[in-house]
There are 4 protein chains.
Amino acid sequence: MQPEQTPALRALYQGFEEEHIVPLWTQLGDLMPTHPTPQAVPHVWKWDRLYDLARQSGDLVPVGRGGERRALGLANPGLGGRAYVSPTLWAAIQYLGPRETAPEHRHAQNAFRFVVEGEGVWTVVNGDPVRMSRGDLLLTPGWHFHGHHNDTDGPMAWIDGLDIPFSHQNDVGFFEFGSDRVTDYATPNYSRGERLWAHPGLRPLSGLRDTVSSPLMAYRWEHTDAALTEQLLLEEEGQPATVEQGHAAIRYTNPTTGGDVMPTIRCEFHRLRAGTVTPGRREVGSSVFQVFDGEGVITLGGTEHRLVQGDLFVVPSWVQWSFAADTQFDLFRFSDAPIMERLHFARTHVEEAPR
Amino acid sequence: MQPEQTPALRALYQGFEEEHIVPLWTQLGDLMPTHPTPQAVPHVWKWDRLYDLARQSGDLVPVGRGGERRALGLANPGLGGRAYVSPTLWAAIQYLGPRETAPEHRHAQNAFRFVVEGEGVWTVVNGDPVRMSRGDLLLTPGWHFHGHHNDTDGPMAWIDGLDIPFSHQNDVGFFEFGSDRVTDYATPNYSRGERLWAHPGLRPLSGLRDTVSSPLMAYRWEHTDAALTEQLLLEEEGQPATVEQGHAAIRYTNPTTGGDVMPTIRCEFHRLRAGTVTPGRREVGSSVFQVFDGEGVITLGGTEHRLVQGDLFVVPSWVQWSFAADTQFDLFRFSDAPIMERLHFARTHVEEAPR
Amino acid sequence: MQPEQTPALRALYQGFEEEHIVPLWTQLGDLMPTHPTPQAVPHVWKWDRLYDLARQSGDLVPVGRGGERRALGLANPGLGGRAYVSPTLWAAIQYLGPRETAPEHRHAQNAFRFVVEGEGVWTVVNGDPVRMSRGDLLLTPGWHFHGHHNDTDGPMAWIDGLDIPFSHQNDVGFFEFGSDRVTDYATPNYSRGERLWAHPGLRPLSGLRDTVSSPLMAYRWEHTDAALTEQLLLEEEGQPATVEQGHAAIRYTNPTTGGDVMPTIRCEFHRLRAGTVTPGRREVGSSVFQVFDGEGVITLGGTEHRLVQGDLFVVPSWVQWSFAADTQFDLFRFSDAPIMERLHFARTHVEEAPR
Amino acid sequence: MQPEQTPALRALYQGFEEEHIVPLWTQLGDLMPTHPTPQAVPHVWKWDRLYDLARQSGDLVPVGRGGERRALGLANPGLGGRAYVSPTLWAAIQYLGPRETAPEHRHAQNAFRFVVEGEGVWTVVNGDPVRMSRGDLLLTPGWHFHGHHNDTDGPMAWIDGLDIPFSHQNDVGFFEFGSDRVTDYATPNYSRGERLWAHPGLRPLSGLRDTVSSPLMAYRWEHTDAALTEQLLLEEEGQPATVEQGHAAIRYTNPTTGGDVMPTIRCEFHRLRAGTVTPGRREVGSSVFQVFDGEGVITLGGTEHRLVQGDLFVVPSWVQWSFAADTQFDLFRFSDAPIMERLHFARTHVEEAPR
């Protein structure tokens, strides 16, 4: 469908180049495909290998002002070697050695941490020390100061999720250094934010203004586990509770609005009953999953991958995925769905069950 | 400022009457006062007297289809003998004898129950049995079927709050009978709604559509008490947490939105530290308080009333009120504030602290 | 279903009276009917008779500070002689003699004026003079100062609509006197608000904050007429445009939100093609219509009324109504629908077309 | 701040590469700068040169199915030769020869056209023919079918704006071919959408559901010009109307919400009085301006550019810009501000006026 390559056309194309012009007709198919054709590819990262590299980094790389964090970013093989797990999302394993402190800073980028194993680190968010334990989701929304310190004699690792690629791509980032130490080395069981906000359906009268991101900086495993357990029990009792047969799931929300915890990142937790197979699903936007417990198989764009605790994988936009759970299978998920929904690009396709 | 009473004017006024006309100039001051001048008056109802009348009703008045409920409505002395505690709100003590059942029905009116003492009754809301215990707030939002049954050999009483006066005045009510018995006599500790929804900040993926009223039918005392306790502890630690010095408070919310539990009724719980005196406050709209625990004094439109557990009082629109707590003083409150806010009539005036 | 009248019961009822208690079981049917059973009744007021009384008032009753307005309120025959056209709405004819001024004031109540005939008066809203001409809707939202002056040697009359009954009933009103004269006697064709805001789909960058009520104080007949004319033309061309066959209609909106012009009052204009008969309709909430042009019949709760220009009628909650248009039939309508919708009491029932 | 290059570190980095891992500490400054440091650069494209290239393309390149559009995309010199005017926005000049048709298609990407000169083309949006004339803004929101045809014997060119870079980067695009011809060759003065929706403050009752994008496909110059003219007149009368002294501006809005016309693209029109100099301004997100009329200078990141009718320029994120108007100076603007606001990344800095 391209015009004939005449001298006149070549001259025209030369003119385009001089004037910083690119014609649509030479690149329409790439720019405007019939459905999303991501450069990002599905990929699985194995936790034991990640952890090993993180541990080695702990020996070789200091943490402190400048580098700021000992974080290893998952680099999607389709995205040219940048530490982008998808075009919008950053996922990393972060490692803090015994008694180490990662200094305070803040940035426009939204961030969270999820803990698949270990304990002993507190993240201090706007001065409020937040314990990090297995199964917890911890938030550091945009422009909140935060630093971490390890209060024990052992190391600890966890995953970080951020919207760094989106922010970098769209030139929205700001960054500021804070204290070189964390501002409060206390190690309380519960942060002040939780003490104010982690009461189901109850809102402090001192907090009636809705906030862009959740005022609750920690979502504890005990609550997540209880919610999922109840969904499966209710399902057994014949009640509507699960998202589909054998598949319990919760979304982490901002209690001031009932919406997502941060403007760009959705966090969820999924639990599959042993033996459950989920239908193939495609969604606009990208997701990262981490196995929290149990074993199973993810079929990702037609390829099966066996997963165990800690393993991470990315689902690029419109790539089909489905689970088969060998045991009870628990997975943490985060995605860019709030971006897609707020900008009205969200679409979902669920494969019909075979007869 | 009225025109002279001439024969011509009398003839004109006669014409008005024939044509169902009333001139503004004869009634402007009453219709459009410089500030709200409610017909409703401040009033206190003593719990021991209410409970005694309710108990006598239990002996003399059956509960069942037709009368529907053994409920004694608080009738504001300024509102002409109708069972209106204010122009918008209904408040009643309801009494259920041993093993009695109040049959199921539903209505457009929004309702809740709050339990100041006793236990042993389950309210069944759209088929979901909900335990009622001291300190609990239980919802039956508009058009939800509900009935109650007493599973014990003792009586139980509680308060009901509804928007009956508002609904009646504005002709919005619908009513339908349901089962003559409750549809489920099970007596679980926690309702299915709680098992799905009472996990702080967590939302089931099976419940992503926002609802007009809360999907959580019970707000348990253990959570309310913990939230208030933490606010006062945080205040002691020098942290912002209370609504004003010595005054902890929570609002009950719909977890799908962070807003009020029902479209017309706000529910809150307030705890004052012993010795706390609150500044005089006036608000557009009316409120009802019930003492849950402790003792203190309410100054209501300039008159002091000593209050003990169970006592109820109404604050009409723009009447000034303030508390003085003798002990730790716990009060449940409900009001028509969502009406005022949604229609943009809300105003508040807080007296400045004396120097 | 009432308990037997024993001495004990009489003693109990005596106790209720002493304690300001009214039992639910004696009044349930009245308080909570199966559907709305308004005290307000359907009623028609004839414009020629209203205008005649207004003109007489012009001779006998001064306008000025104190009485404030020479306004004759329509008093629903079911509402006990108060100037309430419905439980929520006030409707009046207001009359201003040659060169008269109605002084400025403001109130929490929301108000509008609609002009069925005449011209020559300017209403000055927060200092902005707004011309009043046939077919125009003019707003004076809550807490906006407003006064009127007649710039001609003839009288002028129009209708006022307000939420006075709602405000009075619920004790939300505030009132303040302003200038005894209007603050600006200029007589521009278009108000400043129109010059800023009456450009379709265009919003001034100086007005990016959404407002509770419309910033546009005048909706001109030329626009309303054009919109309705186009809807009927589009219908003739086979395009979806009308609300039902032969029935064009627009809603007046706040351009900052696309929603109703004021928080409590909806304004609409309806045009029926000659010969159109609309299906019977019931709605929760009350409406007032005024015939602007043409002739037809309204069937209101089963009774037919013939209507000509200027005639007004009220439709109480849940009373069935339908139109039959003899000529092209133009009607202005206002209602309390925003109250019903914001508080989630709205319901509509439309009679199915007979076969 | 980088760790010492030891053999162990090299081995570690080798491990990273094998496992598709990139450490944060090697790239923090690039990924998370202290403020946005866009790759995109400020750039000006001269209309006469663009038009000349478009005209030559008209001679050499056919328009039709496959290439779809004869559109020349502005390629930001900092963005590696792709037709991205900024990381989020596409801007192109499109050219249609006499009697040509650009076939129908639809895509998830949002699009608009703005006409700086010429007439005679109709764009057919979801079957509704929309005239394109000088000064008009025409919308084709995501997933609306659209094609264009030239009804005259002369050529016509205009600019297209889309969110192609954003959509491509984030893998959200869908695309579908429609009719090879436009579905309606009628050439009405006003589209059906305008006839329904272009009445200030009036909403058809057949269109009460809010829409993601504006239902109004054309914003006519006559309205834009009138709105800006009135703002400057009001300013002369001493009234608040302009966004700053000598600077009138409107935003194009969706009349169902009062918000932006499409979820990802904001459109505005600015008029500066001759002699006006605007303060330096930085904003998160990128904008494209086109001069519609008059002459002036834009200072863009410290460099002055003289501009005449048709000239286009891009302002990357956080680059400072200010205008100096030699004549009355009219500019059309579009930007990705809705993305920044919906995701809460928006920030603005305005230089204080020098004393």
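Values in this document were obtained by computation on a predicted structure and should not be read as measured data.

In terms of helices and strands, chain A carries seven helices and 24 strands. Against the 2.2 N^0.38 benchmark of 20 Å for 355 residues, chain A shows a C-alpha radius of gyration of 22 Å, consistent with a compact globule. With the C-alpha coordinates aligned to their principal axes, the bounding extent of chain A is approximately 75 × 55 × 45 Å. Residues counted as buried form 63% of the 355 residues belonging to chain A. Put simply, 74% of the contacts in chain A that link residues at least 6 apart link residues at least 24 apart. When the accessible surface of chain A is split by element, carbon and sulfur atoms take 49% of a total near 12200 Å².

Next up on the list: the interface of chain B and chain A. The interface is formed by 40 residues belonging to chain B together with 40 residues belonging to chain A. Summed over both sides, the interface of chain B with chain A buries roughly 3400 Å², with 63% coming from carbon and sulfur. Among the residues of chain B in contact with chain A, Arg195(B), Pro200(B) and Leu205(B) are the three that bury the most area, contributing 21% of the side total. In this structure, the connection of chain B to chain A is made through four salt bridges. Residues Glu230(A) and Arg195(B) are paired through a salt bridge, measuring 2.6 Å at the closest nitrogen-oxygen approach. Taken together, the connections running from chain B to chain A amount to 16 residue pairs in polar contact (both at pLDDT 80 or more). When contributions to the side of chain B that touches chain A are tallied by element, the ones reaching two or more residues are helix H5 (192-197), strand E13 (202-204), helix H6 (221-236), strand E15 (247-252) and strand E16 (266-272) of chain B. With eight residues, the top contributor of residues to the side of chain B that touches chain A is H6(B). Among the residues forming the side of chain B that touches chain A, the class breakdown is 20 nonpolar, 13 polar and seven charged. One ladder, built from three bridges, connects strand E13 (residues 202-204) of chain A with E15(B); its direction is antiparallel. Bridged to Arg203(A) within E15(B) is Arg251(B).

A few words now on the arrangement of the chains. Nowhere do chain A and chain C come into contact; their C-alpha atoms are at least 17 Å apart. With no contact formed, the shortest span from any C-alpha in chain B to any C-alpha in chain D equals 17 Å.

This paragraph deals with the relation of the copies chain B and chain A. Taken as rigid bodies, chain B and chain A are interconverted by a rotation of 180° and an axial shift of 0.0 Å, the fit giving an RMSD of 0.0 Å. Taken together, these values place the two copies in the relation of a two-fold axis. In this assembly the copies share their binding face: 100% of the residues contributing to the interface of chain B also contribute to that of chain A.

So, about the interface of chain A and chain D. Taken together, the contact between chain A and chain D spans 87 residues of the former and 88 residues of the latter. Carbon and sulfur atoms supply 70% of the area that chain A and chain D bury against each other, a total of about 7500 Å² over both sides. At the surface where chain A touches chain D, the tally comes to two salt bridges. Residues Arg49(D) and Glu19(A) are paired through a salt bridge, measuring 3.0 Å at the closest nitrogen-oxygen approach.

With that settled, the discussion passes to the pairing of strand E4 (residues 90-96) of chain D. Residues and elements named next belong to chain D. Counting buried residues along E4, seven of its seven residues qualify, which places the element largely inside the surrounding structure. In E4, alternate side chains face the same way, and those of Trp90, Ala92, Gln94 and Leu96 on one face and Ala91, Ile93 and Tyr95 on the other are all buried. Direction of pairing for E4 relative to strand E11 (residues 156-162): antiparallel, over a ladder of seven bridges. When the sheet's bridge partners are listed, alanine 91 is paired in E11 with glycine 161.

Bringing the sheet that holds strand E1 (residues 21-23) of chain D into the picture now. The strand order E14(A)-E9(A)-E6(A)-E11(A)-E4(A)-E3(A)-E1(D) describes an open sheet built from seven strands, whose pairing is antiparallel. The sheet is open, and its two edges are formed by strand E14 (218-219) of chain A together with E1 of chain D, each paired on a single side. Across two bridges, the pairing between strand E9 (residues 137-140) of chain A and E14(A) is antiparallel. Within the sheet, the bridge partner assigned to Leu138(A) lies in E14(A) and is Ala218(A).

Time to look at the relation of the copies chain A and chain D. Between the two copies, chain A and chain D, the superposition gives an RMSD of 0.0 Å; the rotation angle is 180° and the shift along the axis is 0.0 Å. The residues that chain A uses at the interface reappear at the interface of chain D in 100% of cases, marking a shared surface.

Residues and elements named next belong to chain C. Core analysis: the largest hydrophobic core is formed by 64 residues, its most contacted members being Phe112, Tyr252, Cys267, Phe269, Phe332 and Phe334. Looking at which element gives the most residues to this core, the answer is helix H3 (residues 47-60), with five residues. Those residues in contact with phenylalanine 269 that sit more than four places away from it in its chain are Phe114, Trp221, Thr224, Leu228, Ala248, Ala249, Ile250, Tyr252, Phe292, Asp330, Leu331 and Phe332.

Before going further, it helps to examine helix H1 (residues 7-18) of chain D. When the terminal C-alpha atoms of H1(D) are compared, their 17 Å separation across 12 residues agrees well with the 16 Å that a helix rising 1.5 Å per residue should span. Turning to H1(D), its buried residues number three or more, namely Leu9(D), Leu12(D), Gly15(D) and Phe16(D). Angularly, the buried residues of H1(D) cover 115° about the axis, an arc narrow enough to put them on a single face. Set apart from the buried face of H1(D) by more than 90 degrees, the exposed residues are Pro7(D) and Glu17(D). Where the residues of H1(D) are buried, they touch helix H3 (47-60) and strand E3 (71-74) of chain A together with E1 of chain D.

Our focus in this paragraph is the packing of helix H3 (residues 47-60) of chain B against helix H1 (residues 7-18) of chain C. One can describe the packing of H3(B) onto H1(C) by two numbers: an axis separation of 10 Å at closest approach and a directional angle of 155°. In terms of their interaxial angle, H3(B) and H1(C) are classed as roughly antiparallel. Crossing angle aside, the handedness with which H3(B) passes H1(C) is left-handed. When H3(B) is examined against H1(C), the residues Arg49(B), Leu53(B), Gln56(B), Ser57(B) and Leu60(B) are found in contact with a partner set consisting of Ala8(C), Leu9(C), Leu12(C), Gly15(C), Phe16(C) and Glu18(C).

Enumeration according to the criterion identifies 115 salt bridges over all chains in this entry. For Arg220(B), the salt bridge is made with Glu194(B), and the minimal N-O distance between the two is 2.7 Å. Highlighted residues: Arg220(B) in the loop between strand E14 (218-219) and H6 and Glu194(B) in helix H5, separated in sequence by 26 residues. Note on accessibility: Arg220(B) and Glu194(B) belong to one class, buried. Between Asp330(C) and Arg271(C) there is a salt bridge whose closest N-O contact spans 2.8 Å. Here the residue Asp330(C) occupies a position in strand E23 (residues 329-335), and Arg271(C) occupies one in strand E16 (residues 266-272), the gap between them amounting to 59 residues. There is no split in this pair, since Asp330(C) and Arg271(C) are both buried.

This part takes up the UniProt feature "domain: Cupin type-2" (unreviewed entry) in chain A. The UniProt record marks residues 94-160 of chain A with the feature "domain: Cupin type-2" (unreviewed entry), using the residue numbering of this structure. End C-alpha to end C-alpha, residues 94-160 of chain A measures 7 Å, and it is 0% helix and 61% strand.

Residue and element names in this part refer to chain C. Most of strand E18 (residues 287-293) is tucked away: six of the seven residues are buried. Across four bridges, E18 lies against strand E21 (residues 312-315) in antiparallel orientation. In the sheet register, valine 288 faces E21, and the bridge partner there is valine 314. Here E18 runs beside E23; their pairing, made up of six bridges, is antiparallel.

For the rest of this paragraph, the subject is the side chain of Arg266(A). Here Arg266(A) is to be found in strand E16 (residues 266-272). Polar side-chain contacts of Arg266(A) include one of 2.9 Å to the side chain of Asp260(A).

Attention now moves to unusual backbone geometry. Phi angles above zero are rare outside glycine, and Arg99(B) is one such case at about 65°. Looking at the secondary structure, you find Arg99(B) in the loop between strand E4 (90-96) and strand E5 (101-107). Taking relative accessible area as the criterion, Arg99(B) reaches 48% and is therefore assigned partly exposed. The backbone phi angle of Asn126(C) is positive, close to 45°, even though this residue is not glycine. For Asn126(C), the location among the structural elements is in the loop between strand E7 (119-125) and strand E8 (128-133).

Residues and elements named next belong to chain B. Tracing the chain through its elements places glycine 193 in helix H5. With 159 residues separating them along the chain, glycine 193 and threonine 34 place their C-alpha atoms 46 Å apart. When neighbours within four sequence positions are excluded, glycine 193 is seen to be in contact with Asp128, Ala198, Pro215 and Leu216.

Parameters and conventions
- Residues numbered from 1 in each chain as written.
- Chains lettered and ligands numbered in written order.
- Predicted model: local features only at pLDDT ≥ 70, side-chain atom pairs only at ≥ 80, totals over all residues.
- Heavy atoms only, no water.
- Helix = DSSP H or I, 4+ residues; strand = E, 2+ residues; numbered from the N terminus.
- Rg over C-alpha atoms; globule rule 2.2 N^0.38 Å.
- Buried < 20%, exposed > 50% of the residue type's maximum accessible area, 1.4 Å probe, protein only.
- Contact = heavy atoms within 4.5 Å.
- Areas by Shrake-Rupley, 256 points an atom, 1.4 Å probe, with all protein chains shown as cover.
- Buried area = accessible area lost by both parts, 1.4 Å probe.
- Salt bridge = Lys/Arg side-chain N within 4 Å of Asp/Glu carboxyl O.
- Polar contact = N/O pair within 3.5 Å; in protein donor to acceptor, adjacent residues only side chain to side chain.
- Nonpolar A, V, L, I, M, F, W, Y, C, P; charged D, E, K, R; others polar.
- Pairing = 2+ DSSP bridges.
- Least-squares fit on C-alpha atoms with pLDDT ≥ 70 in both.
- Core = buried A, V, L, I, M, F, W, Y, C linked by side-chain atoms within 4.5 Å.
- Expected span 1.5 Å × (residues − 1).
- Arc of directions from axis to C-beta.
- Axes fitted to C-alpha atoms, helices over the stretch in contact; angles between N-to-C directions.
- Parallel < 35°, antiparallel > 145°, perpendicular 65-115°, else oblique.
- Left-handed = near helix turned anticlockwise from the far one by under 90°.
- UniProt positions renumbered as here; feature names shortened; annotations may be inferred.

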